[in-house]
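Listed below, chain by chain, are the residues.
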Amino acid sequence: MLRALALTIAFALPATAALADGVVQKLMTPADKTRLEQYEETRKTALTEARSGDPAEVAQLDSLLAKPFLSTPDFDMAGEWRCRTIKAGGLATLVIYNWFKCRVSDDGSGWKLDKLTGSQRTTGRFYDDGENRMIYLGSLFIAGDTPKPYGSGPETDQVGYAFRTGQQEWRIEFPAPTYESKLDILEIHR
């Protein structure tokens, strides 16, 4: 009986390690792993700073953040979306930009996001990270430039957690982005 239990444990350990070290962990840069490890602390600092901003914008931010997280595995992200960036903490305490166009497609390798308009754009992919969130690995680029692949360096690499917050809305939170703020939030609506 003990021998059977030991064999079961021995065979289960490699499977558990493989699950914990999935595809996204192999793709993610060390710098981005650190950003996600420090996500909670970075987010708290950025939101504290942001709450000293314009009261009307703070109210918009608080309304967005109050939405509960919903299940992501059954969420069909494909289609055309409107999206806007919110910059919290850092150079300007809080900035909420206008709406732009985004698209999510499934090219057979999973969900892919493209921000189609605005001067600062992103393109990247989503990876499962539990029931209520996904990890986004993307590349920041300026309109007119060719996006570099993820892993090209800290100037363009992006990492964030994506959360579904409604039937037709979700967001990505980018901790410690390279430019301007301490937390970027890409708010996305149908």
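Residues numbered from 1 in each chain as written. Predicted model: local features only at pLDDT ≥ 70, side-chain atom pairs only at ≥ 80, totals over all residues. Heavy atoms only, no water.

Observations regarding helix α5 (residues 55-65)
(1) Moving on: What α5 keeps buried is the set Val-58, Leu-61, Leu-64 and Leu-65. Down the axis of α5, the buried set is contained in an arc of 125 degrees. They therefore lie on one face.
(2) Moving on: Two or three places before Ala-56, at the start of α5, stands the capping residue Asp-54, its side-chain oxygen 3.1 Å from that residue's backbone nitrogen. (Buried < 20%, exposed > 50% of the residue type's maximum accessible area, 1.4 Å probe, protein only. Helix = DSSP H or I, 4+ residues; strand = E, 2+ residues; numbered from the N terminus. Arc of directions from axis to C-beta. Polar contact = N/O pair within 3.5 Å; in protein donor to acceptor, adjacent residues only side chain to side chain.)

Overview of the pairing of strand β4 (residues 111-115)
(1) Moving on: Judged from the five bridges that link them, strand β3 (residues 100-106) and β4 form a sheet pairing that is antiparallel. Pairing of Val-104 across the sheet is with Leu-113, part of β4.
(2) Moving on: Between β3 and β4, which pair antiparallel in sequence order, lie four residues; one of them, Gly-108, sits at a positive phi of approximately 95 degrees.
(3) Moving on: Note: β4 against strand β5 (residues 120-128), three bridges, orientation antiparallel. (Pairing = 2+ DSSP bridges.)

Thoughts on helix α4 (residues 39-50)
Residue pairs three or four apart in sequence face the same way in an α-helix, which turns once every 3.6 residues.
(1) Moving on: Over its twelve residues, α4 runs 16 Å from end to end, which matches the ideal 16 Å to within 8%, given 1.5 Å per residue.
(2) Moving on: Looking only at α4, the buried set comprises Tyr-39, Thr-42, Arg-43, Ala-46, Leu-47 and Ala-50. For α4, the angular spread of buried residues about the axis comes to 120 degrees, placing them on one side. Residues of α4 that are exposed and point more than 90 degrees away from the buried face comprise Glu-40, Glu-41, Lys-44 and Thr-48. (Expected span 1.5 Å × (residues − 1).)

Notes on the environment of Asp-76
(1) Moving on: Its location among the elements puts Asp-76 in the loop between α5 and β1 (79-90).
(2) Moving on: Counting along the chain gives 92 residues from Asp-76 to Gln-168, while the straight-line C-alpha distance between them is 9.6 Å.
(3) Moving on: Of the polar contacts made by the side chain of Asp-76, one reaches the backbone nitrogen of Ala-78; its length is 3.1 Å.

Points about the layout of surface pockets
(1) Moving on: Roughly 390 Å³ of internal volume is contained in the largest pocket.
(2) Moving on: Around the largest pocket, the lining is made up of 25 residues, and of these Thr-85, Lys-87, Gln-120, Leu-140 and Asp-184 lie nearest the centre.
(3) Moving on: Mapped by element, the contributors of at least two residues to the lining of the largest pocket are β1, β5, β7 (157-166) and β9 (181-189).
(4) Moving on: Here the residues of the lining of the largest pocket are counted per class, giving eight nonpolar, nine polar and eight charged. (1 Å grid on protein atoms, 1.4 Å probe; cavity = no way out; pocket = protein on both sides within 12 Å on 5 of 7 lines; lining within 4 Å. Points joined across faces, edges and corners; volume = space filled by probe spheres on them. Nonpolar A, V, L, I, M, F, W, Y, C, P; charged D, E, K, R; others polar.)

Focus: the state of the cysteines
In a disulfide, the sulfur atoms of two cysteines are held together by a covalent bond.
(1) Moving on: In total, this model carries one disulfide according to the counting rule given.
(2) Moving on: Bridging Cys-83 to Cys-102, the disulfide has an S-S length of 2.0 Å. Because the torsion about its S-S bond is 80 degrees, the bridge between Cys-83 and Cys-102 counts as right-handed. Of this pair, Cys-83 sits in strand β1 while Cys-102 sits in strand β3, and the two are 19 residues apart along the sequence. Across this residue pair, the class does not change: Cys-83 and Cys-102 are buried. (Disulfide = S-S within 2.5 Å.)

Regarding the pattern of salt bridges
(1) Moving on: Scanning the entire structure with this criterion turns up 14 salt bridges.
(2) Moving on: Lys-182 is the partner of Glu-49 in a salt bridge, and the nearest nitrogen-oxygen pair spans 2.3 Å. Here Glu-49 is found in helix α4, whereas its partner Lys-182 is found in strand β9, with 133 residues between them in sequence.
(3) Moving on: Looking at Glu-49, the relative accessible area reads 24%, which means it is partly exposed. (Salt bridge = Lys/Arg side-chain N within 4 Å of Asp/Glu carboxyl O.)

Focus on the pairing of strand β8 (residues 169-175)
(1) Moving on: Most of β8 is tucked away, with seven of its seven residues classed as buried.
(2) Moving on: The side-chain alternation of β8 yields two buried faces, one formed by Glu-169, Arg-171, Glu-173 and Pro-175 and the other by Trp-170, Ile-172 and Phe-174.
(3) Moving on: Here β7 runs beside β8; their pairing, made up of five bridges, is antiparallel. By the bridge assignment for β8, Phe-163 is matched with Arg-171.
(4) Moving on: The antiparallel pairing of β7 with β8 creates a hairpin that spans two residues between the two strands.
(5) Moving on: Bridging between β8 and β9 involves seven bridges; their strand directions are antiparallel.

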